[in-house]
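Okay, here's what each chain looks like letter by letter:
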Number of protein chains: 2
Amino acid sequence: MSLLLNTSLFLSTHVNKIDGKGRVSFPASFRAALAARSSQGVVIFKSLHETALEGFTIERLHQMAQALEQLPPFSAQRTALETAIFANTQELAIDKEGRCSLPKDLAALVGITNNEVAFVGKGSTFQIWEPSAHAAALKSATDAVKSGDVEFPKLTGLV
Amino acid sequence: MSLLLNTSLFLSTHVNKIDGKGRVSFPASFRAALAARSSQGVVIFKSLHETALEGFTIERLHQMAQALEQLPPFSAQRTALETAIFANTQELAIDKEGRCSLPKDLAALVGITNNEVAFVGKGSTFQIWEPSAHAAALKSATDAVKSGDVEFPKLTGLV
DNA sequence: CATGAAATCCCATGATATCCCATGCCATCC
DNA sequence: GGATGGCATGGGATATCATGGGATTTCATG
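The text that follows walks through the structure, step by step, so that each part is easy to find. (Residues numbered from 1 in each chain as written. Chains lettered and ligands numbered in written order. Predicted model: local features only at pLDDT ≥ 70, side-chain atom pairs only at ≥ 80, totals over all residues. Heavy atoms only, no water.)

**A few points about the overall build of chain A**
Each helix and strand counted, chain A has five helices and eight strands in total. Of the regular secondary structure in chain A, the N- to C-terminal order runs β-β-α-β-β-α-α-β-β-α-β-β-α. Each of the 159 residues in chain A was classed as buried or not, and the buried ones make up 45%. Of the charged side chains in chain A, 15 are positive and 15 negative, and the gap between their average positions amounts to 4 Å. (Helix = DSSP H or I, 4+ residues; strand = E, 2+ residues; numbered from the N terminus. Buried < 20%, exposed > 50% of the residue type's maximum accessible area, 1.4 Å probe, protein only. Lys, Arg positive; Asp, Glu negative; His and termini not counted. Charge placed at Lys NZ, Arg CZ, Asp CG, Glu CD.)

Okay, here's the thing in structure tokens:
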């Protein structure tokens, strides 16, 4: 079986079409990653720093919720974080054919208008981009690494 | 009920209309969250710091009562919190169609006049806002997090 | 009691979302 | 290289949801 279908990581970039009903195929390898994690599903929200949507597993969102529970109720910090995170987050339901329907408001936020969506693997999370915007972002990220502005951290736990 | 909604968290922002009889649809995903928590019901009270109503499950209100029990009896802090929270708390009954009717006094407190209500997910609780007031609050919360004024507590054990 | 106001039940409707079946493409395997 | 199967995609049928309104019940008050 293909490596990509056998890992719990979200990898590679998949560009799929939105059909007349607003549905998009959620990439098969991402579905496999969800299954490998025994995940109940995914949520998406607007990225704070990029013109993209962030995709998390529901389990990860629950972890974030638990972390926020450590903060004092009604404190300014907790309120701001809860609002910024949860008020914009939506569950991305995946149907039996492996498709999802992107909420129109979120799709509009990242400039998806031409019925094409790029699902971008980020390891334990993923992102959703308008394809050409992602191509541009990818180029600038690559350039940053090439030029040495950005370095890779040490790997730990290597054998 | 939709079984595709797989989280017990209150997520996203849902703006619904109040009809001629004062009824509003309680968002379906919130109803699913209640079911996932096997909750007995929901209460609301005026937010301590925001122009909004706080929505809690009755179970969570009990937790909060317990937390207040930790404080010294008759201390100023305890008295103030108990009064501010419990004295203003009302049940939010949800009918068979999934609608609720907002108590008029509480609706008026948060400036709901144009027959539109925003139900805002906050993870394990939710809030009720006048929609445009919430849009402003959301922006300032998002900006605070973006700018780094507010930091997220560390997550542990992520894969 | 009687009565009006308000709340609740019950049914209807349009829009949207989901289910289910079908097709076409591409890679892999024999 | 023809067959097979996974995957992306399309469309009709069906279910869900937010919303509206009539009818019935509840309830406080005269």
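**Some points on the protein's contact with DNA strand C**
Surveying the vicinity of DNA strand C reveals 13 residues, the closest of which are Lys21, Arg23 and Glu97 of chain A together with Lys21 and Arg23 of chain B. Taking the atoms of DNA strand C that fall within 4 Å of the protein, sugar and phosphate contribute 40% of them. Here a base nitrogen of DNA strand C and a side-chain polar atom of Glu97 of chain A are 3.3 Å apart. Lys21 of chain B is positioned with one of its side-chain polar atoms (N or O) 3.2 Å from a base oxygen of DNA strand C. (Near = heavy atom within 4 Å. Polar contact = N/O pair within 3.5 Å; in protein donor to acceptor, adjacent residues only side chain to side chain.)

**Looking at the pairing of strand S8 (residues 126-129) of chain A**
Each regular strand shows side chains that alternate between the opposite faces of the sheet. Residue and element names in this part refer to chain A. Side chains of S8 alternate between two faces, with Phe126 and Ile128 and Gln127 and Trp129 buried alike. Sheet topology places strand S4 (residues 53-57) next to S8; three bridges connect them, and they run antiparallel. Across the sheet, residue Leu53 finds its bridge partner in S8, namely Ile128. When strand S7 (residues 116-121) meets S8, the two strands line up antiparallel, connected through four bridges. From the neighbouring strand, Ala118 faces S8, where its bridge partner is Trp129. Between S7 and S8, which pair antiparallel in sequence order, lie four residues; one of them, Gly123, sits at a positive phi of approximately 90°. (Pairing = 2+ DSSP bridges.)

**Some thoughts on the protein's contact with DNA strand D**
The environment of DNA strand D is formed by 23 residues, the closest being Lys21, Arg23 and Arg99 of chain A together with Lys21 and Arg99 of chain B. Among the atoms of DNA strand D lying within 4 Å of the protein, the sugar-phosphate backbone contributes 43%. Between DNA strand D and the protein, one listed contact pairs a base oxygen with a side-chain N or O atom of Arg23 of chain A at 2.8 Å. Within the side chain of Arg99 of chain A, a nitrogen or oxygen atom sits 2.7 Å from a base oxygen of DNA strand D. Among the secondary structure elements, those contributing two or more residues to the surface near DNA strand D are strand S1 (13-17), strand S2 (23-25) and helix H1 (28-36) of chain A together with strand S1 (13-17), strand S2 (23-25) and helix H1 (28-36) of chain B. Split into classes, the residues belonging to the surface near DNA strand D amount to six nonpolar, five polar and twelve charged. (Nonpolar A, V, L, I, M, F, W, Y, C, P; charged D, E, K, R; others polar.)

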